[in-house]
Amino acid sequence: MASITERIVSSAPQRADAALVISPDNAHVAYIIESGRKFSVVRDGVVGVDYEEIDATSLGFSPDGLKLAYAARRRGGFFSPAPKWTVVLDGNEGFFSCP
C-alpha cells in the first residue's frame with residue numbers, strides 16, 4: 001500500500017479546531033486531510049471522496065451524532081466549467097452553482 005502523508009488542514013485559521021469535529025454523543029470523529037492538492041473528510045478512520053476544496057467551518061455532525069455534513073467544491077466539467085459547490089450529507093452530494 002502506498003504511503004500517503006496526511007495532515008489536518010483548516011481553511012479557517014481563526015478557528016484552530018475547525019477541521020476536527022467530534023459527534024455530540026462522543027461516538028464519532030471526523031477531520032479533513034490534504035493529499036497532494038486534494039482534500040477529503042475522514043470519518044471514523046474511513047477516507048471519503050476527494051474534492052478541490054472543503055469548507056472546514058461547515059464540517060459538523062447532526063445533534064444525534066448519526067449524520068455528518070460539509071460543503072465541498074469540485075472542479076467544473078467540460079459542459080459546465082464553473083466550479084461546483086456541493087453539500088455532502090453522509091457521502092451523498094447535492095450540487096448548486098455559485099457565481
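Because the structure is predicted, anything quoted here is derived from the model rather than measured.

### Some remarks on the pairing of strand 5 (residues 53-61)
In this sheet, strand 6 (residues 68-74) lies alongside strand 5 in antiparallel orientation, the contact comprising 5 bridges. Each residue of the ladder has a partner; that of Asp 55, found in strand 6, is Ala 71. A loop of 6 residues connects strand 5 with strand 6, the two strands running antiparallel in sequence, and Gly 65 in this loop sits at a positive phi of about 80 degrees.

### Comments concerning the packing of aromatic side chains
Overall, the coordinates contain 1 aromatic pair when judged by the stated rule. Ring centres 6.3 Å apart and planes at 80 degrees place the aromatic pair Tyr 51 and Tyr 70 in the edge-to-face group. Taken together, the residues Tyr 51 in the loop between strand 4 (46-47) and strand 5 and Tyr 70 in strand 6 connect sequence positions 19 residues apart. Judged by relative accessible area, Tyr 51 falls into the buried class, the value being 2%.

### Notes on the pattern of salt bridges
Taken as a whole and assessed by the stated rule, the structure comprises 5 salt bridges. The partner of Arg 73 in a salt bridge is Glu 53, with the nearest N and O atoms 3.1 Å apart. You can see Arg 73 sitting in strand 6 and its partner Glu 53 sitting in strand 5, a full 20 residues away along the chain. Take Glu 53: its relative accessible area is 32%, and that puts it in the partly exposed class. Residue Glu 93 pairs with Arg 74 through a salt bridge whose shortest N-O separation is 2.9 Å. A residue pair is termed long-range when its members are at least 10 positions apart, and Glu 93 in strand 8 (residues 92-97) and Arg 74 in strand 6 qualify at 19 residues.

Calculation notes
- Residues numbered from 1 in each chain as written.
- Predicted model: local features only at pLDDT ≥ 70, side-chain atom pairs only at ≥ 80, totals over all residues.
- Heavy atoms only, no water.
- Pairing = 2+ DSSP bridges.
- Helix = DSSP H or I, 4+ residues; strand = E, 2+ residues; numbered from the N terminus.
- Phe/Tyr/Trp six-rings, centres within 6.5 Å; stacked < 30°, edge-to-face > 60°.
- Buried < 20%, exposed > 50% of the residue type's maximum accessible area, 1.4 Å probe, protein only.
- Salt bridge = Lys/Arg side-chain N within 4 Å of Asp/Glu carboxyl O.

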